[in-house]
Structure formats: C-alpha cells, structure tokens
Amino acid sequence: MLEQVRRVGNFKAADLPREVEPVKPYPRINPQQQRQEDYPQQDAQQKPNANKTTRRRFTAMRELIEELKNQTRINRVDFNTANQELIDLGLSIAEEELINQLLGLKIPLTSIEGLIKQMRQQSASPTLVSDRNISASANPFPVLIAELAEYIMRFDDLPVVMSSQHNDIFDEISKNGRFVVEHNRLRLNFTRESTIPTTPEEPLSLTISIQLGAIEVDEDGRRAILYQRPDQSYGLYSDKSISLSI
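The structure reproduced in this document is the subject of the present report. (Residues numbered from 1 in each chain as written. Predicted model: local features only at pLDDT ≥ 70, side-chain atom pairs only at ≥ 80, totals over all residues. Heavy atoms only, no water.)

## A look at the overall build of the protein
Part 1: Looking only at helices and strands, one finds five helices and eight strands in the protein.
Part 2: Along the protein, helices and strands appear, N-terminal first, in the series α-α-β-α-α-β-β-α-β-β-β-β-β.
Part 3: Taken across its 246 residues, the protein has 35% of its residues classed as buried.
Part 4: Contacts spanning at least 24 positions in sequence make up 67% of the contacts within the protein whose residues lie at least 6 apart.
Part 5: If you sum the accessible surface of the protein, you get close to 16600 Å²; carbon and sulfur atoms cover 48% of it. (Helix = DSSP H or I, 4+ residues; strand = E, 2+ residues; numbered from the N terminus. Buried < 20%, exposed > 50% of the residue type's maximum accessible area, 1.4 Å probe, protein only. Contact = heavy atoms within 4.5 Å. Areas by Shrake-Rupley, 256 points an atom, 1.4 Å probe, with all protein chains shown as cover.)

## Some details on helix α4 (residues 109–122)
Side chains three or four residues apart in an α-helix point the same way, a direct result of the helix having 3.6 residues per turn.
Part 1: The end-to-end C-alpha distance of α4, which contains 14 residues, comes to 20 Å, matching closely the 20 Å that a straight helix rising 1.5 Å per residue would cover.
Part 2: All buried positions along α4 are accounted for by Ser111, Ile112, Leu115, Ile116, Gln118 and Met119. Viewed along the axis of α4, the buried residues span an arc of 165°, placing them on a single side of the element. Among the exposed residues of α4, those pointing more than 90 degrees away from its buried face are Leu109, Thr110, Glu113, Lys117, Arg120 and Gln121.
Part 3: On the buried face of α4, the contacting elements are α3 (79–104), β3 (149–160) and β6 (204–217). (Expected span 1.5 Å × (residues − 1). Arc of directions from axis to C-beta.)

## A word on unusual backbone geometry
Backbone geometry follows two general trends: most residues other than glycine have a negative phi, and most peptide bonds adopt the trans configuration.
Part 1: Within the chain, lysine 106 stands out as a residue other than glycine whose phi angle is a positive 60°.
Part 2: Mapped onto the fold, lysine 106 is located in the loop between α3 and α4.

Have a look at this one:
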C-alpha cells in the first residue's frame, strides 16, 4: 500500500531562514539525454551482475532435442493439444499392457474388470505429474539424458481384491510396505493400510503409473515436456519457448 502524504503547502524562498542560502540549480541536467547516460559508473557495476544471473533454461531437454532432431520430426504443441495427446497416449499404453500384467500376476478377472472401470471413471481428468529420473532400463527415447525426469499418468489408490494364492505379494508388503512390478512403461505399486493381511478378500491399494515421456522443470517452476505422438514424431510443450533449431 502506498504511504499517505500529508500536504502542508508550498514552501517559498521567504520561508527559509535568512542564514540558509537557496540551493543553486544542478547544472548538468539535459532533457534530451537518456537517464542511463547520466550514470556510466553505475551501469558498469551492474553489467557483470546481470551476466551472472543469465542462464540457459532447459539444458537437458535441449540436449535431447539436439540428439533427436536429425532422426525424427519434433513439433511444438500448445497446452490443450499436449494435454489431450498425453491422456490418449496413457490410456493406449494401459489398454495394451495393463491387462496382461494383471493376468500375469494371477489377479482375478472380477478384480481386473473393477480396476478398468475405475480407470475409465478417472480418465476424464487423470493425474499427470513428473516422477523419478529416467533410467536406462525405462527410457522411452533412443538416447538417454539422465537429468530428465519421467512424465507420467497416475491412477492412485485403486482397491483390488487378490486371492489366497498371492501369499508372496502379501509377504513382500508385510516386509517392505509395498510390492512393485514394472514392465515397459507401466509400473504397478501395491500397498496396504495394515502390513499383515487378515483375509485374502481384504483389498489391496494399487497405484498405476504410466510413463508418457520426459519432463524438465527449471528454477522458476516452468516445464518442458517431450513425448511421442501417434505418427511417431515427437511433441514438445514448454511453458517458456525453446528453439527447435538448436
């Protein structure tokens, strides 16, 4: 809030004590001269400091773009396009891989049907977030840039009923607090409120993470996201523009 200024009237030369001489006008002011030219020493001191704060944003993402641009096409996309394409990509990966993984864990078909139904209900506004750093074993790109993080679609805390033949899963949860299985771009994380199951019919909590692409976040919280589009090209969304002709 601006401070209030108390007005007490204009001073006149006669108001000054006689022993105080009026201040002489400052002779150097030139109305046509830019203010910056009046303070050359101050500018010289400021320039080095300004250089220290200058930094190149999204260095890891730029490195990935540099590696990919001669192999495939990269298109800049707006937020709405990227958001919808990322959701479609995540649902497509889930459709291709999830059921096989759940069947491989011998999860009952009734539980699988319930999971699919819950995911469809959440698919209108799923959670899209950054996750752990991309590793060599889970890298969606032909080159690995270790400083980039995974960008994932996540479905949290889906209840799933197991059967009595899953003692190994229950044992793992009792010992480590969770049971995690990963394959390709899908990660399943089973947990339980109580570490010791009472009955096989008591549901576990399942969080499904689907890797969509890569993300880098700068110091100001701005994001750059790269992902593969249906035509095998790549889509790039960024809160601050990145030159594609690096």
